[in-house]
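Geometric and topological summary
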Amino acid sequence: MDDTLARQLAALTRQFYARTAPSFSATRQQPWDGWEQLWGRIAPLAEPHDLGRPLRVLDVGCGNLRFERFLAQHAEGPVEAWGVDNCPALMAEGAAHAAAERGAAGRLAAHLVELDLAGALLDGAAPDALAARFGAPPADLAVAFGLFHHIPGAAARQRLMQALVAAVRPGGIVAVSLWQFACDPRLRAKAQRATARGRAQLGLPPLPAGDYLMGWQDDADAFRYCHHFAEEEVDALAAAAVAASPDATRAPSDSKLDPTTASSASSAMSPLPAALTAREVARFSADGKPGNLNRYLVLQRTE
C-alpha cells in the first residue's frame, strides 16, 4: 500500500475512535463467543508455570478491557494485564472497569500504555523494538482482538505479529483475531457502500483489494479503515511468525475456504528475529451471527 494512503487511513481510524468512543464502547461490553473456544484450547498452555504469580497478559488494542474482564472470570488465579491502545477515552473506561474488578474480587490488575501502534508500524518499527514499547514483561499470553484489520498494509501486519511473538516468554501463547466480514453478504455490501461514500466525501483514491471503509450508526462523518482477511493472508501472517524449519508444521485448519478473493498475501514478508521461533497451535472461526466472522490464529513461542 502507498505510504501516504496508509497514513491517511490510519489517521482516519484514530479519529474515528476519538469521535465514537462512548457509543462504540457501549456496543462492546460482552465477551466474544470465540474467546470461550480460545480459552478452552489454550488455558493449560497460557497459565504461568510459577503458580505463585498472576497470569501475565499483553493486550494490544485493548480498548475498554473487556477481554481482561473475561479472563478474570476464567483464569485459575489472578490476572495482571498490560493494555496498549491509542484511544484515551476507551482506556479510561477500561481502567475504571479494572479498578472495580480489583476492588470486587482482587483478581485483576491493569497497566495501560498509550501508543500509536499503526504509526509506529508505518514508521518501520522492528518487531523487537515494537515489543519493547509495549512496556510489559515477557507475557504468558499476548492477544490482539479487533485490531489487525485496522493496520494498513500486509508488511506492517506481519511485523505486528512478529512483535507479539517477541513479547511472550518461551512457551507463551499469541492469539489474534482476523476479521472476515466480507464472508457475510450483508456486511460486504454495507462496507462497499460506506467505502464509496467515504472515498467521495474524503477525496481518497481507490483502495487496494480487501480494504474498505466502514461507517458507524447514524454518524455520516465517521469512517474507519477495515481490512478483510482472505485465508491466504492468514497463512502469510502465520508464516511470518513461524520459524521455517524442517519440522515446522501448521496446525490443522477447520476450513480453507474463503468466499472472496479480496486480497492476496504480501510478498513483503520479513523474517522473524533470529532468536525467536514459534509454532501454530490452532486456527478456527467464530463470532457474529453466522459464527464465522473472525478467524482466530494461535501461536506458541518455542524459543
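Owing to the predicted nature of the structure, the values given are computational and were not obtained by experimental measurement.

Our next topic: the overall build of the protein. When helices and strands are counted, the protein shows 9 helices and 9 strands. Here the protein, with 303 residues, has 54% of them falling under the buried criterion. Residue pairs in contact within the protein that sit at least 24 positions apart in sequence constitute 74% of those at least 6 positions apart. In the structure as shown, the protein presents an accessible area of about 12,600 Å², 54% of it carried by carbon and sulfur atoms.

Residues with a pLDDT of 70 or more make up 86% of the protein, whose mean pLDDT is 87. Within the model, pLDDT remains below 50 along residues 244–250, and this stretch shows 7 contacts once partners closer than five positions in the same chain are excluded. The low-confidence segment residues 255–269 (pLDDT under 50) makes 39 contacts with residues lying over four places distant or belonging to another chain.

With that settled, consider the packing of helix α2 (residues 33–46) against helix α3 (residues 66–74). In contact at an axis separation of 12 Å, α2 and α3 are set at 45 degrees when each is read in the N-to-C sense. Between α2 and α3, the angle falls in the class oblique. Note on packing geometry: the crossing formed by α2 with α3 is right-handed. Residues W35, E36 and W39 of α2 form the contact with α3, whose participating residues are R66, F67, F70, L71 and H74. Partitioned by chemical class, the residues of the contact of α2 with α3 number 5 nonpolar, 1 polar and 2 charged.

Pairing in this open sheet of 7 strands is mixed, and the strands run β3-β2-β1-β4-β5-β9-β8 from one edge to the other. Of all the strands in the sheet, just β3 (108–114) and β8 (278–286) have a single pairing partner and so form its edges. Sheet twist, expressed as the average angle between the axes of neighbouring strands with direction ignored, equals 15 degrees. α3 rests against β1 (55–60), β2 (79–85), β3 and β4 (139–144) of the sheet, and its axis sits at about 160 degrees to β1.

In the structure shown here, the tally under the stated rule is 12 salt bridges. The salt bridge involving R19 is made with D219; its shortest N-O contact spans 2.6 Å. Highlighted residues: R19 in helix α1 (residues 3–26) and D219 in strand β7 (residues 219–227), separated in sequence by 200 residues. In this structure, the salt-bridge partner of R283 is E231, at a minimum N-O distance of 2.9 Å. Separated by 52 residues along the polypeptide, R283 in strand β8 and E231 in helix α9 (residues 231–241) bring together distant segments of the chain. Taken as a pair, R283 and E231 share a single burial class, namely buried. In the salt-bridge network here, residues are joined through shared partners; they are E231, D235, E280, R283 and R295.

Another aspect to go through is the pairing of strand β6 (residues 211–216). Counting buried residues in β6 gives 5 out of 6 residues, a clear majority hidden from the surface. Judged from the 5 bridges that link them, β6 and β7 form a sheet pairing that is antiparallel. Residue D211 lies in a different strand from β7, and its bridge partner there is H227. Between β6 and the antiparallel strand that follows it, β7, lie 2 residues; Q217 among them carries a positive phi value of about 45 degrees.

Further remarks concern the environment of A132. Mapped onto the elements of the fold, A132 is located in helix α6 (residues 127–133). By relative accessible area, A132 is classed as exposed at 58%.

Below, the discussion takes up the state of the cysteines. Considering all chains together, one arrives at 0 disulfides under this definition. The structure places no disulfide on C87, whose sulfur is separated from the nearest cysteine sulfur, that of C62, by 9.6 Å.

Attention shifts here to the nonpolar core. The biggest cluster of nonpolar side chains holds 42 residues, and the ones touching the most others in it are L117, L130, F134, F148 and L164. For this core, the element with the highest residue contribution is helix α7 (residues 154–166), accounting for 6 residues. Among all residues touching L117, those that are not within four sequence positions of it are V60, L130, F134, L147, I151 and L160. In this structure, W32, F67, F70 and A72 belong to the second largest nonpolar core, which totals 31 residues.

Let's shift gears to unusual backbone geometry. Trans is the common state for peptide bonds, and a negative phi is the common state for residues other than glycine. One non-glycine residue, L65, lies in the positive phi region at around 65 degrees. In the Ramachandran plot, D287 falls in the positive-phi region, its phi being about 85 degrees despite a non-glycine side chain. With respect to the element layout, D287 can be found in the loop between β8 and β9 (294–301).

By the definition in use, this model includes 16 aromatic pairs. Aromatic pair F16 and Y17: ring centres 5.0 Å apart, planes at 90 degrees, arrangement edge-to-face. Across the pair, Y17 and F16 agree in class, each one buried. Considering the side-chain rings of W35 and F67, the 5.0 Å spacing of their centres and the 75 degrees angle between planes classify their relative orientation as edge-to-face. Placement of W35 in helix α2 and of F67 in helix α3 is noted, with a sequence separation of 32 residues between them. Exposure class is identical for W35 and F67. Each is buried. Clustering of aromatic rings is evident, with ring pairs tying together W32, W35, F67, F70, F145, F284 and Y296. When the ring centre of F24 is taken as reference, the NZ or CZ atom of R28 above it lies at 4.2 Å.

Procedures and definitions
- Residues numbered from 1 in each chain as written.
- Predicted model: local features only at pLDDT ≥ 70, side-chain atom pairs only at ≥ 80, totals over all residues.
- Heavy atoms only, no water.
- Helix = DSSP H or I, 4+ residues; strand = E, 2+ residues; numbered from the N terminus.
- Buried < 20%, exposed > 50% of the residue type's maximum accessible area, 1.4 Å probe, protein only.
- Contact = heavy atoms within 4.5 Å.
- Areas by Shrake-Rupley, 256 points an atom, 1.4 Å probe, with all protein chains shown as cover.
- pLDDT = per-residue confidence, 0-100.
- Axes fitted to C-alpha atoms, helices over the stretch in contact; angles between N-to-C directions.
- Parallel < 35°, antiparallel > 145°, perpendicular 65-115°, else oblique.
- Left-handed = near helix turned anticlockwise from the far one by under 90°.
- Nonpolar A, V, L, I, M, F, W, Y, C, P; charged D, E, K, R; others polar.
- Pairing = 2+ DSSP bridges.
- Salt bridge = Lys/Arg side-chain N within 4 Å of Asp/Glu carboxyl O.
- Disulfide = S-S within 2.5 Å.
- Core = buried A, V, L, I, M, F, W, Y, C linked by side-chain atoms within 4.5 Å.
- Phe/Tyr/Trp six-rings, centres within 6.5 Å; stacked < 30°, edge-to-face > 60°.
- Lys NZ or Arg CZ within 6 Å of the ring centre and 35° of its normal.

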